[in-house]
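Observations on chain architecture
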Amino acid sequence: MALLATTSSPLQGTVPPAGDFDTVSITVAEVHAFDPADFDQAPPPRKQGDPNAGPDTGDEIVVTASRHRADDPIHEVNRASFALTETVDDAVMAPVAHAYQRTTPKPIRTGLRNVFANLREPVAFANFLLQLKIGKAAETAGRFAINSTLGLAGVIDVARRCPFNLPRRPNGFSDTLGFYGVKPGPFLFVPLIGPTTLRDLVGGTVDGVASPLIIGGPFRNRAYIITSNIFRTLDRRAEMDEELRTMREQPDPYVARRDRYLDRREARARRLKGLGDAETMVGETPYGQIDPSANAHGCHHGRDQHE
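Attention here is on the structure that accompanies the text. All values derive from a computational prediction rather than experimental measurement.

1. Considerations on the pattern of salt bridges
Applying the stated criterion across every chain, the model contains 23 salt bridges. With a closest N to O distance of 3.2 Å, Arg 248 and Asp 90 form a salt bridge. Placement of Arg 248 in helix H8 (residues 241-248) and of Asp 90 in helix H1 (residues 75-103) is noted, with a sequence separation of 158 residues between them. Across the salt bridge formed by Glu 121 and Arg 143, the nearest N and O atoms sit 2.8 Å from each other. With Glu 121 in helix H3 (residues 121-130) and Arg 143 in helix H4 (residues 134-149), the pair connects residues that are 22 residues apart, well separated along the chain. The pair Glu 121 / Arg 143 is uniform in exposure class, with both members buried. What emerges from the salt-bridge pattern is a single network uniting Glu 86, Asp 89, Asp 90, Arg 237, Asp 241, Arg 245, Arg 248 and Arg 257.

2. Structural notes on empty space enclosed by the protein
Taken as a whole and assessed by the stated rule, the structure comprises 2 cavities of 30 Å³ or more. Here the largest cavity defines a volume of roughly 50 Å³. Phe 82, Glu 86, Leu 244, Met 247, Arg 248, Pro 253 and Arg 257 together form the lining of the largest cavity. When contributions to the lining of the largest cavity are tallied by element, the ones reaching two or more residues are H1, H8 and helix H9 (253-272). Counting residues per element, the lining of the largest cavity draws most heavily on H8, which supplies 3 residues.

3. Section: the side chain of Thr 196
Structurally, Thr 196 is set in strand S5 (residues 194-197). The buried category is assigned to Thr 196, whose relative accessible area is 9%. Within the structure, Thr 196 has its side chain in polar contact with the backbone nitrogen of Leu 201 (distance 3.4 Å). Apart from residues no more than four positions distant in its own chain, Thr 196 is found in contact with Pro 186, Phe 187, Leu 188, Val 190, Leu 201 and Tyr 261.

4. Digging into the nonpolar core
If you look at the biggest cluster of nonpolar residues, it comprises 7 residues: Phe 82, Phe 187, Phe 189, Tyr 254, Val 255, Tyr 261 and Leu 262. When residues of this core are traced back to their parent elements, those giving at least two are strand S4 (187-190) and H9. Ranked by residue count, the leading element in this core is H9, at 4 residues. Core analysis: the second largest hydrophobic core is formed by 5 residues, Tyr 100, Phe 116, Leu 119 and Leu 234 among them.

5. Considering helix H6 (residues 198-215)
Compared with the 26 Å implied by 1.5 Å per residue over 18 residues, the 26 Å span of H6 between its first and last C-alpha is a close match. For H6, the full list of buried residues reads Arg 199, Asp 200, Gly 203, Asp 207, Ser 211 and Pro 212. Those residues of H6 hidden inside the fold are in contact with H3, helix H5 (173-179), S5, helix H7 (222-239) and H9. Directly after H6, the chain includes Gly 216, whose backbone phi takes a positive value near 75°.

6. Comments concerning the packing of aromatic side chains
Taken as a whole, this structure holds 9 aromatic pairs when the rule is applied. Geometrically, the ring pair formed by Phe 179 and Tyr 180 is edge-to-face, given 5.2 Å between the ring centres and 90° between the ring planes. Considering the side-chain rings of Phe 187 and Tyr 254, the 6.4 Å spacing of their centres and the 65° angle between planes classify their relative orientation as edge-to-face. Taken as a pair, Phe 187 in strand S4 and Tyr 254 in helix H9 lie far apart in primary sequence, 67 residues in all. Tyr 254 carries the same exposure label as Phe 187, and that label is buried.

7. Topic: a nonpolar patch on the surface
Residues Leu 84, Leu 192 and Ile 193 make up a contiguous nonpolar surface patch of about 340 Å² in total accessible area. Along the polypeptide, Ile 193 turns up in the loop between S4 and S5. Assessed through its relative accessible area of 69%, Ile 193 is described here as exposed.

Thresholds, definitions, all that
Residues numbered from 1 in each chain as written. Predicted model: local features only at pLDDT ≥ 70, side-chain atom pairs only at ≥ 80, totals over all residues. Heavy atoms only, no water. Salt bridge = Lys/Arg side-chain N within 4 Å of Asp/Glu carboxyl O. Helix = DSSP H or I, 4+ residues; strand = E, 2+ residues; numbered from the N terminus. Buried < 20%, exposed > 50% of the residue type's maximum accessible area, 1.4 Å probe, protein only. 1 Å grid on protein atoms, 1.4 Å probe; cavity = no way out; pocket = protein on both sides within 12 Å on 5 of 7 lines; lining within 4 Å. Points joined across faces, edges and corners; volume = space filled by probe spheres on them. Polar contact = N/O pair within 3.5 Å; in protein donor to acceptor, adjacent residues only side chain to side chain. Contact = heavy atoms within 4.5 Å. Core = buried A, V, L, I, M, F, W, Y, C linked by side-chain atoms within 4.5 Å. Expected span 1.5 Å × (residues − 1). Phe/Tyr/Trp six-rings, centres within 6.5 Å; stacked < 30°, edge-to-face > 60°. Patch = residues over 30% accessible without salt bridge, like charges linked within 9 Å, V, L, I, M, F, W, Y side chains within 5 Å. Areas by Shrake-Rupley, 256 points an atom, 1.4 Å probe, with all protein chains shown as cover.

Geometry only, nothing functional implied.
Shown next, in the form of C-alpha cells:
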C-alpha cells in the first residue's frame, strides 16, 4: 500500500510577496509513490539525457527569493500600478502599437523617430553646458546642425555615420541633477506611463517644458505637442515589444522591469561622470537602449561601420 503519492514532475510555484521579499519561488523535486517494503532500497540511477527524467534536483527543495530594494519603499503601491498598467497595455496600448507597426512602413517610422530625437538635441546641448562639458556640448550642437541640414531636417541620422562618428548621447535635467549629487529618490511606477524615479519625474517635466521653448516656432503649438507625444508613445511601445515580452517571462515581471530601468539609468549616470569604458564611444537609441553601432573607431578602411 502506498503511503505517499505526488505528481510525476517537479512542483513549482511563486509565493505572493511578503515581509522583506519581492517574490519567493519554490521548486520541489520529483517525488514518487513508495511502499514501506521499498524504503531501504536505493532509488534507481537517473539516466542523463532522459527527457522524461525531469530536472536533476535530487531530494532538494529549491527556494529563490528576491529582497526588496531600499530605493523602492512603496513597492506595494508600485506593484498595483504596474498591474493596472499591464492590464491597459494588453487591452489597448499593445494592439494599437502593433497595428501602427504593421501599417506604417519601417523607413517612415525610422525617419519620424529620428526627427523627434533630433528635436531633443537642444535640450541635451543645454544640459551638457550646465554640466560644464563643453566638448560634449559642441558635439551635440554638431549633431543637431548636421542632421538638420544633411539629414533632411533630422529624418536621417547622418551624424552617427562615417566620417562624423557622433553618436546620440541623450541628456536631461534629471541627469544634470544627478551629476551634481542629487539622489534619484524613490522608485515610482506611474500608472500608464511606466517606471521612473522622483528625480527623473521632475527632470522629465522640466525637459518637456524646455524643449518647445528652446526650439520655438511651431513646436510650441499644442497640436504639435499632443501629436508628437502620441507618436512617441506608440513608436516606443512598438520598438520595445520584444524587451517587454522578455521581462514578462521572468519569475517576477515587476522586479525585472524595475531593475532594468534603474540599472539603465545608473549606467547612463556612470557614463556622464566619465566612469564608462574610455575606449568605446557609447551612444543610445531614442528609447534608451545602447546603440551597438556607436564606436569611436567607426571608420575603418574607408568603409562606414554604422550601416
